[in-house]
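# Remarks on the overall topology
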Amino acid sequence: MLILFLKTALLFGVLLTAIAYVVWVERRVLGVMQARLGPNRVGFGILATLPVVGRLFRFTKETRLFGLGQPIADGLKLFTKEGIEPAGVDPWTYRLAPILGLLPVFLGFAVVPIGPDVPVLGRIVTTQIADLPVGVIYLLAVGSLGSYSVVLAGWSSNSKFSFLGGLRAAAQMISYELPMGIAILTVVMLTGTLSLREIVAAQGDIWNLFRFPPFLILAFVISTICAVAEANRAPFDLPEAESELVGGFHTEYSGMKFALFFLAEYAHIFLGGSILAVLFLGGWNIPFIGTLAKVLPVLLNPWVYWILGVLSFALKVFAYVFFCIWLRATLPRFRYDQLMNFTWKVLTPLAAFNLLAVAVLGKLL
Amino acid sequence: MREAAFLLFGGAMIISALLAVTRRNPVHAALWLVLTMLSLAGVYLALGAVFLAMAQIFVYAGAIMVLFLFVVMLVGAPVEELKTPFRKGSLWGVVAAGAVFVAFLTRMPALERVRVVVFEVTARALASPLIGSGGNWGRHALAFELGSVLVVAAILGAILMVRTGREEISEEADDDR
């Protein structure tokens, strides 16, 4: 029980910090991609006032550290801002919506295996909060609850921009869940289990991505597109298209309620990356570890192995996060009819035929 | 532990279901219905049917209720329209439902029996029309299919109810095209 609590607390802490800093990474990377600087001013000037640390690292009030203090400043700003509730909102639904946005995403992380098992004080501890026998379905189920947040935010705000954004978001999320589900089904069929832990364990020799080429690669591409669309990220950010809908479903939100939507969006990116890493990229498996361990046996020490595994997983997730930022800097937004045509006429049939192809191949080989 | 969870989720289900049918605001009613669906998933969990619980969340709470909400919002029926006065005729419905409920309860001699029914029959009865078991393969298939026809009829009826009074607007919109 205590271990479970500690694991949950640790995951929360790491996740929230990672989210805060990914916002900074995004702004910096976008800056570089758009030939400008991005936030580079806010440093840790406050550290210079501390007695020991300030001397030790020679911090001054001018210490900028590439703007690493920006997330803390942003967080403080959002915490202390006034939460304005516009006239005519539906109060309880309006307050419920941001919570419903963050809750399913964090629930989803409960089944994600982050690293290999590790012995702590003579007990084997899994780096996963809960290993459900139906983990994949759980992820899909919890993920499908995320659309309530945007729908309710849009409806309760009593604003036409919010409302249109909410409706768009609902339609988009329902539509893109379908090809995502079918593509994930390909993996489930291949590994024959719904437990994420077993799916990762089955990829020790070869990642799912490289099995039956090119079919699993196609499934991976479809899942990636859908994961981006589910997180409402560019080029699928129609629910919050600023040029036509102001802020979309969160137009009327401010302060901490807005911050919750913001957090949910970035947590969603992380969850999408985690799902893709677990299902297609081998989870925490480290490539060529067997060969490397022959030269360096220390790699097989449980703790070293654990650290390497967690790093491997984190690297895969971060690669996806970077890919999302890259997409945002590169692609213009879809038009609404293009968005719907793309999923119903391209992705869904493609995913279905892909599933069929893998089923036939799996039976033949 | 399991029984406590069953009672908790079952209670939540009954309360939210009552709230769902008594709310004036259709969106609020739909939201309470979502909670009913989620509580039902919780009941399945308490009965040890993990897969069924997840499927319940995924299909009903995640897909069907979002669609419900979507339609309710898109149609945007004004709340005033739904404030129909209480009809005396509906009292008979309540009486009939209550009679069926009492009859159902009296068929169960003791509370033990209820528990057995809940744990044994619910899961099997839910699974057998679809999958079937042993000799009675798909015994309730016809009833199940008839039920689905009923649902389709209900949806068509709902569309018809919503469409009345909107004919002129849609025709004008067609002319514009």
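The rules behind each value
- Residues numbered from 1 in each chain as written.
- Chains lettered and ligands numbered in written order.
- Predicted model: local features only at pLDDT ≥ 70, side-chain atom pairs only at ≥ 80, totals over all residues.
- Heavy atoms only, no water.
- Helix = DSSP H or I, 4+ residues; strand = E, 2+ residues; numbered from the N terminus.
- Buried < 20%, exposed > 50% of the residue type's maximum accessible area, 1.4 Å probe, protein only.
- Contact = heavy atoms within 4.5 Å.
- Areas by Shrake-Rupley, 256 points an atom, 1.4 Å probe, with all protein chains shown as cover.
- Axes fitted to C-alpha atoms, helices over the stretch in contact; angles between N-to-C directions.
- Parallel < 35°, antiparallel > 145°, perpendicular 65-115°, else oblique.
- Nonpolar A, V, L, I, M, F, W, Y, C, P; charged D, E, K, R; others polar.
- Pairing = 2+ DSSP bridges.
- Patch = residues over 30% accessible without salt bridge, like charges linked within 9 Å, V, L, I, M, F, W, Y side chains within 5 Å.
- Salt bridge = Lys/Arg side-chain N within 4 Å of Asp/Glu carboxyl O.
- Left-handed = near helix turned anticlockwise from the far one by under 90°.
- Buried area = accessible area lost by both parts, 1.4 Å probe.
- Polar contact = N/O pair within 3.5 Å; in protein donor to acceptor, adjacent residues only side chain to side chain.
- pLDDT = per-residue confidence, 0-100.
- 1 Å grid on protein atoms, 1.4 Å probe; cavity = no way out; pocket = protein on both sides within 12 Å on 5 of 7 lines; lining within 4 Å.
- Points joined across faces, edges and corners; volume = space filled by probe spheres on them.
- Core = buried A, V, L, I, M, F, W, Y, C linked by side-chain atoms within 4.5 Å.

## What about the overall build of chain B?
Broken down by element type, chain B carries seven helices and zero strands. When the helices and strands of chain B are read in sequence order from the N terminus, they spell out α-α-α-α-α-α-α. Per-residue burial for chain B yields a buried fraction of 20% across its 177 residues. A sequence separation of at least 24 residues applies to 54% of the contacts in chain B between residues at least 6 apart. When the accessible surface of chain B is summed, it comes to about 12800 Å², and 72% of that surface belongs to carbon and sulfur atoms.

## Some thoughts on the packing of helix α4 (residues 91-108) of chain A against helix α5 (residues 135-144) of chain A
All names here are of chain A. Taken N-terminus to C-terminus, the directions of α4 and α5 make an angle of 170°; their axes are 8 Å apart at the nearest point. By the angle class used here, α4 and α5 are roughly antiparallel. For the pair α4 and α5, the contacting residues are Pro104, Leu107 and Gly108 in the first and Tyr138, Leu139 and Val142 in the second. Here the contact of α4 with α5 is composed, by residue class, of five nonpolar, one polar and no charged.

## Notes on the pairing of strand β2 (residues 123-127) of chain A
Residues and elements named next belong to chain A. As judged from the four bridges shared by strand β1 (residues 115-120) and β2, these two strands associate in the antiparallel manner. Note that in β2 the partner of Val118 across the bridge is Val125. Once β1 ends, the chain turns through two residues before running back antiparallel as β2, passing Leu121 with a positive phi of about 50°.

## Details of a nonpolar patch on the surface
Residues and elements named next belong to chain A. A surface patch of nonpolar side chains, about 440 Å² in accessible area, is lined by Met33, Phe318, Phe322, Phe323 and Trp326. Of note, Trp326 is situated in helix α13 (residues 302-330). Look at Trp326 and you get partly exposed, because its relative accessible area is 46%.

## So, the packing of α4(A) against helix α6 (residues 146-156) of chain A
Residue and element names in this part refer to chain A. Where α4 meets α6, the axes come as close as 8 Å, and the angle between the chain directions of the two elements is 160°. Classed by the angle they form, the pair α4 and α6 counts as roughly antiparallel. The chirality of how α4 crosses α6 is left-handed. Mapping the contact onto sequence places Thr93, Tyr94, Ala97, Leu100, Gly101 and Pro104 in α4 and Gly146, Tyr148, Ser149, Leu152, Ala153, Trp155 and Ser156 in α6.

## Quick notes on the interface of chain A and chain B
Taken together, the 22 residues of chain A in the interface contact 21 residues of chain B. Both sides of the chain A and chain B interface together cover about 1900 Å² of buried area, and 85% of this is carbon and sulfur. Inspection of the chain A/chain B interface yields zero salt bridges. Taken together, chain A and chain B are joined by two residue pairs in polar contact (both at pLDDT 80 or more). Within the residue set of the side of chain A that touches chain B, elements represented by two or more residues are α5, α6 and α7 (160-191) of chain A. The dominant element in the side of chain A that touches chain B, judged by the number of residues it contributes, is α7(A), at six residues. Per-class residue counts for the side of chain A that touches chain B are 17 nonpolar, three polar and two charged.

## Considering the confidence of the model for chain B
Residues and elements named next belong to chain B. Confidence in the prediction of chain B, expressed as mean pLDDT, is 73, and 62% of residues score 70 or more. Low pLDDT, under 50, characterises residues 170-177; the stretch is placed with one contact to residues that sit more than four places away or in other chains. Across the interface, the model reports ipTM at 0.78; the global pTM reads 0.79.

## Structural notes on empty space enclosed by the protein
All names here are of chain A. Applying the stated criterion across every chain yields a total of two cavities of 30 Å³ or more. For the largest cavity, the lining is made up of 14 residues, of which Leu139, Gly143, Met180, Glu230 and Ile275 are closest to its centre. Class assignment of the residues belonging to the lining of the largest cavity gives a composition of eight nonpolar, four polar and two charged. As a volume, the second largest cavity reaches approximately 30 Å³. Every element with two or more residues in the lining of the second largest cavity is listed here: α4, α5 and α11 (255-279). For the lining of the second largest cavity, the class distribution of residues is four nonpolar, three polar and no charged.

## Some words on the nonpolar core
Leu279(A), Phe280(A) and Leu69(B) are the most contacted members of the largest nonpolar core, which totals 111 residues. Among the elements that take part in this core, α7(A) stands out by supplying 13 residues, more than any other. When near neighbours in sequence (up to four residues on either side) are disregarded, Leu69(B) contacts Tyr148(A), Val151(A), Leu152(A), Val27(B), Ala30(B) and Leu31(B).

## Thoughts on the environment of Thr8(A)
Mapping Thr8(A) onto the fold places it in helix α1 (residues 2-33). The spacing of Thr8(A) and Gln128(A) is 120 residues in sequence and 9.1 Å in space, taken between C-alpha atoms.

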